[in-house]
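Geometric and topological summary
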2 protein chains.
Amino acid sequence: MPARFYCKNIGGRTAELDEAESHHVQHVLRLSVGDEVELFDGSGASASASVANVSRNRVDLTVNNLRESGALSRARLIVAAAPPRGDRLKSMVEKLTEIGVDDFIPLRTVRSVVDPRQSKLEKLRTTVIGAMKQSGRNHLMKIHEATDFSVALRTAAAERQIISLAHPGDIARTATETEQRDTLLLIGPEGGFTREEVLQASDYGATRISWPEGILRIETATVVFAGLLISRMYQTR
Amino acid sequence: MPARFYCKNIGGRTAELDEAESHHVQHVLRLSVGDEVELFDGSGASASASVANVSRNRVDLTVNNLRESGALSRARLIVAAAPPRGDRLKSMVEKLTEIGVDDFIPLRTVRSVVDPRQSKLEKLRTTVIGAMKQSGRNHLMKIHEATDFSVALRTAAAERQIISLAHPGDIARTATETEQRDTLLLIGPEGGFTREEVLQASDYGATRISWPEGILRIETATVVFAGLLISRMYQTR
């Protein structure tokens, strides 16, 4: 597979890479005029292209073959999780991108300790692009602004999403009934959701899920439950 | 939950921590005589205990209440994966411990690039203990010696395990039929298994599984597929 690059406009006969992607072409992979690359625009479309011109901070390409966006053949998975600290958040976002999560919402809860700043969210968007380049994924995973728990619930209910709340407890159920409906997965902070938050989620029709063994850290729970949900969306087609 | 410590012998009235765990008691958590702790021996047994004496590099405890080992109520999951580089291996082993994987085998394949040395394997065993302390897991995840692909297959077949081989391909199937039988999950290196390895696995009755979207990195595939398999072992009870 040729190296992949993110490029917002790939619909014309030519395309132009932004500074970060141009840097990758010139200084990391050291490609030259004529080399074949693959482009994706984040909407699902992709294109074969070749390097046409390389200049300072800029790479121009000739687009050879555009493949239009194909909509995903499954419902959307929106993951709202209390961000873990430091590099664990970055590594989690990479994995969520790889497996195909559609939206990531940094969740503000009563016991949350990390509230990522604007600059951190921008870095995470770059992380998503990097993971898309490696994994072959063409649909952008959207990184939302940090969102209050109650707002996330209200939005999901308004959009008639299935709501799954990961909360350790007596019920060892790893997933709700799967339907072909968009799903919101809610993952709490290290200290868990409060009793009030769990009740509030129930009011919105959320189903509680929990891991049958031990207590998972935020990023483990997020990746494992997201994987289970996506896998089941394919099984119910 | 009181702080948890690993201790090989918890069957008597008193117990003694090793140097690493004594250091944790004294210098990280700064516990003193009389403080309550929880002990686990890795076999599944655990005990309530209290600090009886603290001296240089050594902590003695009084065991108050031993809870005998309970066997797991599901089949075993053995994960054999080509080790990813550096910290990604450590983080992967932590996650496999949390979710409940029983055995981890560093897999040698044709395209493997990492072959962990003895000292690295010892460090991973310490990583497992650390993850058990945090997650509340009481059964030790065993870290095996690095093992050739063909040996791993032969052993699994001799023990009548289900063999699941993760290999990207035309079949988007995330798990084999689940039964109440021990299962070996095989995960290849970045470059994947060779055609010969895939054929060899088929000869041993392996079923191919693959993720329905994109290409997962080693550690993502390992954690997601292991999570799916454990989750299904509970569903078929």
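Residues numbered from 1 in each chain as written. Chains lettered and ligands numbered in written order. Predicted model: local features only at pLDDT ≥ 70, side-chain atom pairs only at ≥ 80, totals over all residues. Heavy atoms only, no water.

What follows deals with the environment of Arg4 of chain B. All names here are of chain B. You can see Arg4 is positioned in strand β1 (residues 4-6). When the C-alpha atoms of Arg4 and Val25 are compared, they prove to be 9.8 Å apart, with 21 residues separating the residues in sequence. Excluding its chain neighbours within four sequence positions, the residues that come into contact with Arg4 are Glu38, Phe40, Met132, Lys133, Gly136, Arg137 and Asn138. Within polar-contact distance, the side chain of Arg4 engages the backbone oxygen of Met132 at 3.1 Å. Engagement of the side chain of Arg4 in a polar contact is seen with the backbone oxygen of Arg137, the distance being 2.7 Å. (Helix = DSSP H or I, 4+ residues; strand = E, 2+ residues; numbered from the N terminus. Contact = heavy atoms within 4.5 Å. Polar contact = N/O pair within 3.5 Å; in protein donor to acceptor, adjacent residues only side chain to side chain.)

Turning our eyes to something else, we now look at the nonpolar core. Ranked by internal contacts, the top residues of the largest apolar core, which has 74 residues, are Leu96 and Phe104 of chain A together with Leu96 and Phe104 of chain B. Apart from the residues within four sequence positions on either side, Phe104 of chain B is in contact with Val79, Ala81, Leu89, Met92, Val93, Leu96, Met141, Lys142, Ile143 and His144 of chain B. (Core = buried A, V, L, I, M, F, W, Y, C linked by side-chain atoms within 4.5 Å. Buried < 20%, exposed > 50% of the residue type's maximum accessible area, 1.4 Å probe, protein only.)

Quoted interface sizes are often the accessible area lost when the parts come together. All names here are of chain A. Segmentation of chain A into domains returns domain 1 (4-67) and domain 2 (77-235). Placing a centre on the C-alpha atoms of domain 1 and another on those of domain 2 gives a separation of 32 Å. Contact residues are listed per partner, giving 11 residues for domain 1 and 8 residues for domain 2. Carbon and sulfur atoms supply 53% of the area buried between domain 1 and domain 2, which totals about 790 Å² over both sides. (Domains from an automatic or database assignment. Buried area = accessible area lost by both parts, 1.4 Å probe.)

Before going further, it helps to examine the sheet that holds strand β1 (residues 4-6) of chain A. Residue and element names in this part refer to chain A. Across the sheet, which stays open at both edges, the 5 strands sit in the order β1-β3-β4-β5-β2 with mixed pairing between neighbours. The sheet terminates laterally at β1 and β2 (14-17), the two strands that pair on one side only. Neighbour to neighbour, the strand axes of the sheet diverge by 40 degrees on average, direction disregarded. Note that β2 and strand β5 (residues 58-67) share 4 bridges and pair antiparallel. Looking at β5, one finds that Thr14 is bridged to Thr62. Contacts between helix α1 (residues 19-28) and the sheet are confined to β1, β2, β4 (46-55) and β5, with β5 contributing the most and set at about 95 degrees to the helix. Packing against the sheet, helix α3 (residues 118-135) makes contact with β1 and β3 (36-40), and its axis sits at approximately 150 degrees to β1. (Pairing = 2+ DSSP bridges. Axes fitted to C-alpha atoms, helices over the stretch in contact; angles between N-to-C directions.)

Where helix α6 (residues 218-235) of chain A meets helix α2 (residues 87-99) of chain B, the closest approach of the two axes is 10 Å, and the angle between their N-to-C directions is 75 degrees. With respect to α2 of chain B, the axis of α6 of chain A lies roughly perpendicular. On the side of α6 of chain A, the interface is formed by Glu219, Thr220 and Val224 of chain A, while α2 of chain B contributes Lys95, Glu98 and Ile99 of chain B. The residue makeup of the contact of α6 of chain A with α2 of chain B, split by class, is 2 nonpolar, 1 polar and 3 charged. (Parallel < 35°, antiparallel > 145°, perpendicular 65-115°, else oblique. Nonpolar A, V, L, I, M, F, W, Y, C, P; charged D, E, K, R; others polar.)

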